[in-house]
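As a plain string of letters, each chain reads:
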Amino acid sequence: MKIIACQLAHYSVALKTTFKTALHAQNTANGWIVQLKSEQGHFGYGEAVPSLRVTGDSDASIVGVLRQIIFPAILGKNFENIGKFDSFVAKLITQNSAARNSVSEAFLDLLVKDQHGNLADFFAPAKGQIDTDFTLSINDDRQMQVEAQKIVDQGFSILKIKVGENAIPEEIQKLGRLVKAFPKISFRIDANQAWNVRQSLQFNQLASQKKLPIEIVEQPLAIGYEDEYDQLVKQFNFPIILDESIHEFNDARKLRAGVDFDGYNVKLEKAGSISQAKALLDYAESIEKPAMLGCMIESNIGIAFSAALANAYPIVKYVDLDSPLMFQEEIFQGWIKRNQKSFTFNSTFIETPALRGLTWL
């Protein structure tokens, strides 16, 4: 497949509420949409989201890398498949995973359209809807209760709870009050690197004593302290899922499954390409460890590829693809549409007026 045009556009959409983690807070979804065109006249779309604290990508770096390095290199070239395309782009530049991933998504989108196929069926036959949890970001008790009620009223039964701002006993009290108010929900706890080993073990002890309905605890320790997961996993009563510590396949391969971690969160924006995300999921299958498919604050354009991978891999036990549900307005649709707490796949790509109306660079 030959790429004959490359373009880039920015979008910004207000979020329904402030999204706050131990790493950052934001009120707006801010992303970049890549558009590639093939000789057949189809357009493929991908997405890049700046995240200085996770991937190191900024608006400036995304634009610079794409327009100055990647676009000139791929323009006019033929690529047989997604693997060869991703390999070519990976050799152009290191890091900059959001920028690299955006063209990987756009190329795959283009490939599917050139073959007159469907994104959901590209990896495996579509099984139907993809259910996701919903994230409750850091806030005071009253506001967390209010937001949790809205989420539960929409039919969600799994809340991903952001923690890390308060002392461990206070975090436990917050969770206890949520359990009392919503006895049928279960928790996925995300510390976003906020704790040390002592704090993590304190959380484990208190949460176990209160018998809190916790499925997993995600990334309790800071990046660079992966060697300390050895002692932590052995004493922990809940599965530990790594997020920021694992971006690409080699990050996972260097750790010891079941000793250093119980599973990991695959995010396309971290992985840098469809091929790297698949390598991580294939590795999870080989070591028989569950995976989570997660996201940044992305639109439906980027989320569609993660949803398609979640559809294809039984090893994906946890789905955290809720970011488009946080948008004040769903400006893009693409391959997927929302159905309460789930996503279903469109048989064809739906190009919205908002997508057509972007200012392309």
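Cut-offs applied
Residues numbered from 1 in each chain as written. Predicted model: local features only at pLDDT ≥ 70, side-chain atom pairs only at ≥ 80, totals over all residues. Heavy atoms only, no water. Axes fitted to C-alpha atoms, helices over the stretch in contact; angles between N-to-C directions. Helix = DSSP H or I, 4+ residues; strand = E, 2+ residues; numbered from the N terminus. Parallel < 35°, antiparallel > 145°, perpendicular 65-115°, else oblique. Left-handed = near helix turned anticlockwise from the far one by under 90°. Contact = heavy atoms within 4.5 Å. Nonpolar A, V, L, I, M, F, W, Y, C, P; charged D, E, K, R; others polar. Pairing = 2+ DSSP bridges. Right-handed = clockwise from strand over helix to strand, strands pointing away. Expected span 1.5 Å × (residues − 1). Buried < 20%, exposed > 50% of the residue type's maximum accessible area, 1.4 Å probe, protein only. Arc of directions from axis to C-beta.

## Some remarks on the packing of helix 2 (residues 82-90) against helix 3 (residues 97-114)
And step 1. Orientation of helix 2 relative to helix 3, taken along the N-to-C sense of each, is 155 degrees, at an axis distance of 10 Å. As far as their axial angle goes, helix 3 and helix 2 are roughly antiparallel. The interaxial crossing formed by helix 2 with helix 3 has right-handed handedness. Seen from helix 2, the contacting residues are Ile82, Phe85, Asp86 and Val89; seen from helix 3, they are Arg100, Val103, Ser104, Phe107, Leu108 and Leu111.
And step 2. Of the residues assigned to the contact of helix 2 with helix 3, the class counts are seven nonpolar, one polar and two charged.

## Here we look at the sheet that holds strand 4 (residues 130-131)
And step 1. Ordered by their spatial adjacency, three strands build an open sheet running 4-14-13, and the pairing between neighbours is antiparallel. The open sheet terminates on both sides in strands that have one partner only, identified here as strand 4 and strand 13 (334-339).
And step 2. Direction of pairing for strand 4 relative to strand 14 (residues 342-350): antiparallel, over a ladder of two bridges. When the bridges of strand 14 are listed, aspartate 131 appears paired with serine 342.
And step 3. Against the sheet, helix 12 (residues 300-312) engages strand 4, strand 13 and strand 14, with an angle of about 110 degrees to strand 14.

## Some points on the pairing of strand 12 (residues 316-319)
And step 1. Where strand 11 (residues 291-293) meets strand 12, three bridges bridge the pair, whose relative direction is parallel. Residue methionine 292 lies in a different strand from strand 12, and its bridge partner there is tyrosine 318.
And step 2. Handedness of the crossover joining strand 11 and strand 12 through helix 12 is recorded here as right-handed.

## With respect to helix 5 (residues 141-153)
And step 1. With 13 residues, helix 5 extends 18 Å between its outermost C-alpha atoms, agreeing within 8% with the 18 Å of an ideal straight helix rising 1.5 Å per residue.
And step 2. Regarding helix 5, the residues found buried are Met144, Glu147, Ala148 and Ile151. Buried residues in helix 5, looked at end-on, bunch into an arc of 105 degrees, giving them a common side. Of the exposed residues in helix 5, the ones pointing more than 90 degrees away from its buried face are Arg142 and Asp153.
And step 3. Contacts from the buried residues of helix 5 go to strand 1 (3-20), strand 5 (134-136), strand 6 (158-162) and helix 6 (168-181).
And step 4. Where helix 5 ends, the next residue or the one after it, glycine 155, has phi of about 105 degrees, a positive value.

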